[in-house]
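# Observations on the model geometry
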Amino acid sequence: MKQWVLSEMERLINLLKRDQSQDGSWDYAFETGVATDSYMIILLRSLEIHEEKLIQALSERIVSKQEKNGAWKLFYDEGPGNLSATIEAYYGLLYSGYANSEDPNMKKAEQFILQHGGLNEAGMFTKIMLALTGQQAWPKFFPIPLEAILLPVHFPLNLYDISVFGRANMVPLLLLAHEKYQLTTPQTPDLSHLYVHFDERSGHHFFRESDRILEWRNYLSSLTKALQSSFYTLNHLEEIAAEQAKQYMLKRIESDGTFLNYFSATFLMIFAFMSQGFSKKDKKIRNAVNGLKSMATLIDGRVHMQYTTADVWNTSLISYTLQEAGVSEKDDVIQKANRYLLSRQQFKYGDWVVHNPSTSPGGWGFSDLNTINPDVDDTTASLRAIQKILSYQPGFHQAWERGTQWGMSMQNTDGGWPSFERNVDKKILNLLPVQGGEFLLLDPSTADLTGRTLEFLGNFTNVNKNHSAIARGIEWLRKKQNQNGSWYGRWGICYIYGTWAAVTGLIACGADSKAPMLRNAVQWLKDIQNEDGGWGESCKSDTEKRYMPLKASTLTHTAWALDALISTSSSPTPAIEKGIQFLIEKGNNKDWTHNYPKGQGMGGAFYIHYHSYRYIYPLLALSHYKHKFQREAV
């Protein structure tokens, strides 16, 4: 076993070294199904930018992902298919001009859509895209009036009570809904045959919770009335709000032209700008389109539009993991990676400062060109990567201090850590009739962020284990543990991810592995181990709100579970040994589990296949196994 562990580690190390980019980063793909491919086609055709090579390539990838029954899925075991994904793919293919509604595969897709309720049963964001491009009317009322953007921070509800991830999408959306903007071209397809009943094309069926629309709108309108005076009528407020929405977007455009480096936010921003009189040929429109195009990547020889790039995230995780695997911090690969990371530390004040006004910038973001939207996970991951070089490269000390201070300052008042902003967790927003609102609108403390931050503080800093921040984080985890011993992870799939983060964080901060909290977690992980020695979890866990087994093992899930078990054990257990054997035997596995999503942005709608994870986490688990149980092999 010892030699096999070393051999597999060496293979993974060499593979990662080979794949490093010239600038020191790793640009492994951030894959999110076919939605972004479809939307890019729809965007280019709507703007009459006829880049045929790109449109044809995206069309070919969409077709390659279609199921035999005509549908498209978000993940392998989703069921017969996903209605919204199928509508988006069908529309993109039809608008591309490289597919015809009479093609056999398109007829199958049409049949699936109609059998599952037609366009009226699509998700909210799919309906928004349909309304934008003239396939459906906008609703008469949107639950949030545009002028709500003007509500001050001290009001009971305001724009900054929505997470920055949600805010980036909601600001252009509110402007578009207010203007009821639509853009069609002579080539716009007619999708009316996809309505089960013709009258459903009106905006009357836009929201399923229609009874709550007016309640919310009236409530938020009552708040905005406090802003009116003898100087400002409602019309004036709407004009001011439209201008403020426009300025919000303009001030957050990154150097590549995109809005916070998010595909969906940039897509909506482009239409929002045109609703305010920008022409299709405006420089800001063209720059935004070019920014989106720059996110294209090749996967298995096919072009995919990434939702964003994951370069900082990949690089921080890989640099740290390679060092854990024995690669010297003085190795050129690590030196290049850490110089890249240092160049991506942020020094601008972003939206996070609204709820954290006393702290200076110093965090890291997720994507390559992200300069204004840091997050806690990328910050602690980057700090782990640079920690070993502090002793002989004084230039990194300031970066370390700024980053550590920023990460610690982001702790919520409840004791846990969020992703982007402090205390953005007003549960009343879950009542808004917004699909995926709990994922999109809120940024609460989560087990994965809290566990990973505790692990960083415990293993990589000199913060006293009795520090109040650590004690509060541990207490938050104690309160949030599920009865079966697991924790839910917000940004990974799902309970295995959250449990791994929580367990390793608790151990790093000195928790007793024999205490009930950790003993229960370990038992849960052992109970869900598969016969082949691995672990696997379905994306259905997100929507079912409970652990759902995948009925197959994946490398990443296995590595997370193993790393948690290794951290709590003083000697190899049968469960650990079986898991290690799985990682070694299946390291080159290329079946469907290879592409199965291990992350999510919005449960039930947006799942992520990180192409780097199958290398990072197995190597990390193997490294920790070797360090703890095979020291004589070093």
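This report concerns the structure included in the present document. Note that the structure is a prediction, hence the values are computed from the model and not measured. (Residues numbered from 1 in each chain as written. Predicted model: local features only at pLDDT ≥ 70, side-chain atom pairs only at ≥ 80, totals over all residues. Heavy atoms only, no water.)

## With respect to the overall build of the protein chain
- Of regular secondary structure, the protein chain possesses 24 helices and seven strands.
- Relative to the globule expectation of 26 Å for 634 residues, the C-alpha radius of gyration of the protein chain, 25 Å, shows essentially globular dimensions.
- Here the protein chain holds 634 residues, and 63% of them are scored as buried.
- In the protein chain, the proportion of contacts linking residues at least 24 apart, taken out of those at least 6 apart, comes to 74%.
- Counting every atom, the protein chain has about 24,100 Å² of accessible surface; 50% of that belongs to carbon and sulfur.
- The average position of the 64 basic charges and that of the 66 acidic charges among the side chains of the protein chain differ by 3 Å. (Helix = DSSP H or I, 4+ residues; strand = E, 2+ residues; numbered from the N terminus. Rg over C-alpha atoms; globule rule 2.2 N^0.38 Å. Buried < 20%, exposed > 50% of the residue type's maximum accessible area, 1.4 Å probe, protein only. Contact = heavy atoms within 4.5 Å. Areas by Shrake-Rupley, 256 points an atom, 1.4 Å probe, with all protein chains shown as cover. Lys, Arg positive; Asp, Glu negative; His and termini not counted. Charge placed at Lys NZ, Arg CZ, Asp CG, Glu CD.)

## Side note on the sheet that holds strand β7 (residues 606-610)
- The three strands are arranged β1-β7-β6 in an open sheet whose pairing can be described as antiparallel. Sheet topology places β1 (30-31) and β6 (599-602) at the edges, where each strand pairs with a single neighbour.
- The pairing of β1 with β7 spans two bridges and is antiparallel. When the bridges of β7 are listed, Phe30 appears paired with Tyr610. (Pairing = 2+ DSSP bridges.)

## Quick look at the pattern of salt bridges
- The full count for this structure, using the stated rule, is 21 salt bridges.
- Note that Glu8 and Arg11 form a salt bridge whose closest N and O atoms lie 2.7 Å from each other. Within this pair, Glu8 and its partner Arg11 are both found in helix α1 (residues 2-18), separated by three residues, close to a single helical turn.
- Residue Arg11 is classed as partly exposed on the basis of its relative accessible area, which comes to 24%.
- With a shortest N-O distance of 2.6 Å, Glu51 and Lys293 are connected by a salt bridge. Of this pair, Glu51 sits in the loop between α2 (35-46) and α3 (52-64) while Lys293 sits in helix α11 (residues 283-293), placing them 242 residues apart in sequence.
- Accessibility expressed as a relative area gives 27% for Glu51, which makes it partly exposed.
- By relative accessible area, Lys293 is classed as partly exposed at 23%.
- Linked through salt bridges whose partners overlap, the residues forming this network are Arg167, Arg252, Asp351 and Glu421. (Salt bridge = Lys/Arg side-chain N within 4 Å of Asp/Glu carboxyl O.)

## Re the environment of Glu52
- Examined against the element boundaries, Glu52 turns out to sit in helix α3.
- Glu52 gets classed as partly exposed once you look at its relative accessible area, which sits at 30%.
- Along the primary structure Glu52 and Ser96 are separated by 44 residues, whereas in three dimensions their C-alpha atoms are 8.7 Å apart.
- Those residues within four positions of Glu52 in sequence are excluded, and the remaining contacts are Arg45 and Tyr98.

## Describing the packing of aromatic side chains
- Going through the model one piece at a time under the given rule, you end up with 35 aromatic pairs.
- Summarising the aromatic geometry, the rings of Phe75 and Tyr596 are spaced 6.2 Å apart at their centres and angled 70 degrees between planes, so their arrangement reads as edge-to-face. Here Tyr596 lies in the loop between α23 (574-585) and β6 and Phe75 lies in the loop between α3 and α4 (83-96), a separation of 521 residues in the sequence. Here Phe75 and Tyr596 have matching classes, each one buried.
- Among the aromatic side chains, those forming a connected cluster through ring pairs are Phe30, Trp313, Phe366, Tyr497, Trp500, Trp560, Tyr610, Tyr613 and Tyr617.
- When the ring centre of Tyr392 is taken as origin, the NZ or CZ atom of Lys330, which lies over that ring, is 5.1 Å away.
- Looking at Arg490, its charged tip hangs above the ring of Trp491, at a distance of 3.7 Å from the centre. (Phe/Tyr/Trp six-rings, centres within 6.5 Å; stacked < 30°, edge-to-face > 60°. Lys NZ or Arg CZ within 6 Å of the ring centre and 35° of its normal.)

## Here's the deal with the pairing of strand β2 (residues 296-299)
- Of the two faces of β2, the one holding Thr297 and Ile299 is buried and the one holding Ala296 and Leu298 is not buried anywhere.
- Across four bridges, β2 lies against strand β3 (residues 302-305) in antiparallel orientation. Looking across to β3, one finds that Leu298 is bridged to Val303.
- Counting the residues between successive antiparallel strands, the hairpin from β2 to β3 contains two residues, one of them, Asp300, with a positive phi of roughly 55 degrees.

## Thoughts on the packing of helix α12 (residues 311-324) against helix α24 (residues 613-629)
- Where α12 contacts α24, the two axes come as close as 9 Å, and the packing angle between them is 25 degrees. The angle between α12 and α24 falls in the class roughly parallel. For α12 against α24, the interelement crossing comes out left-handed. Contact residues: Trp313, Asn314, Leu317, Ile318, Tyr320, Thr321, Leu322 and Glu324 in α12; Tyr613, Ile616, Tyr617, Leu619, Leu620, Ser623, His624 and His627 in α24. (Axes fitted to C-alpha atoms, helices over the stretch in contact; angles between N-to-C directions. Parallel < 35°, antiparallel > 145°, perpendicular 65-115°, else oblique. Left-handed = near helix turned anticlockwise from the far one by under 90°.)

## What to know about unusual backbone geometry
- Positive phi values are uncommon outside glycine, yet Asp300 reaches one of about 55 degrees.
- Phi angles above zero are rare outside glycine, and Lys545 is one such case at about 65 degrees.
- When you line up the elements, Lys545 lands in the loop between α21 (540-544) and β5 (549-554).
- On the accessibility criterion, Lys545 (46% relative accessible area) is partly exposed.

## Quick word on the nonpolar core
- Of all hydrophobic cores here, the largest spans 205 residues; its most connected members are Leu322 and Tyr617.
- Once residues within four sequence positions are removed from consideration, Leu322 is found in contact with Ile13, Leu16, Trp26, Val327, Val333, Ile334 and Leu619. (Core = buried A, V, L, I, M, F, W, Y, C linked by side-chain atoms within 4.5 Å.)

## Regarding the state of the cysteines
- Scanning all chains against the criterion turns up zero disulfides.
- Of all cysteine sulfurs in the structure, the one in Cys539 sits closest to Cys494, which takes part in no disulfide; the separation is 7.0 Å. (Disulfide = S-S within 2.5 Å.)

## A short note on the environment of Ser358
- Structurally, Ser358 can be placed in the loop between α13 (332-343) and α14 (376-386).
- Classification of Ser358 by relative accessible area gives exposed; the value is 75%.
- Considered as a pair, Ser358 and Ser409 are 51 residues apart in the sequence and their alpha carbons are 8.8 Å apart.

## Considerations on the side chain of Gln323
- Looking at the element boundaries, Gln323 is found in helix α12.
- Contacts of Gln323, omitting those with residues within four sequence positions, involve Glu329, Ile334, Asn338, Ala385 and Lys388.

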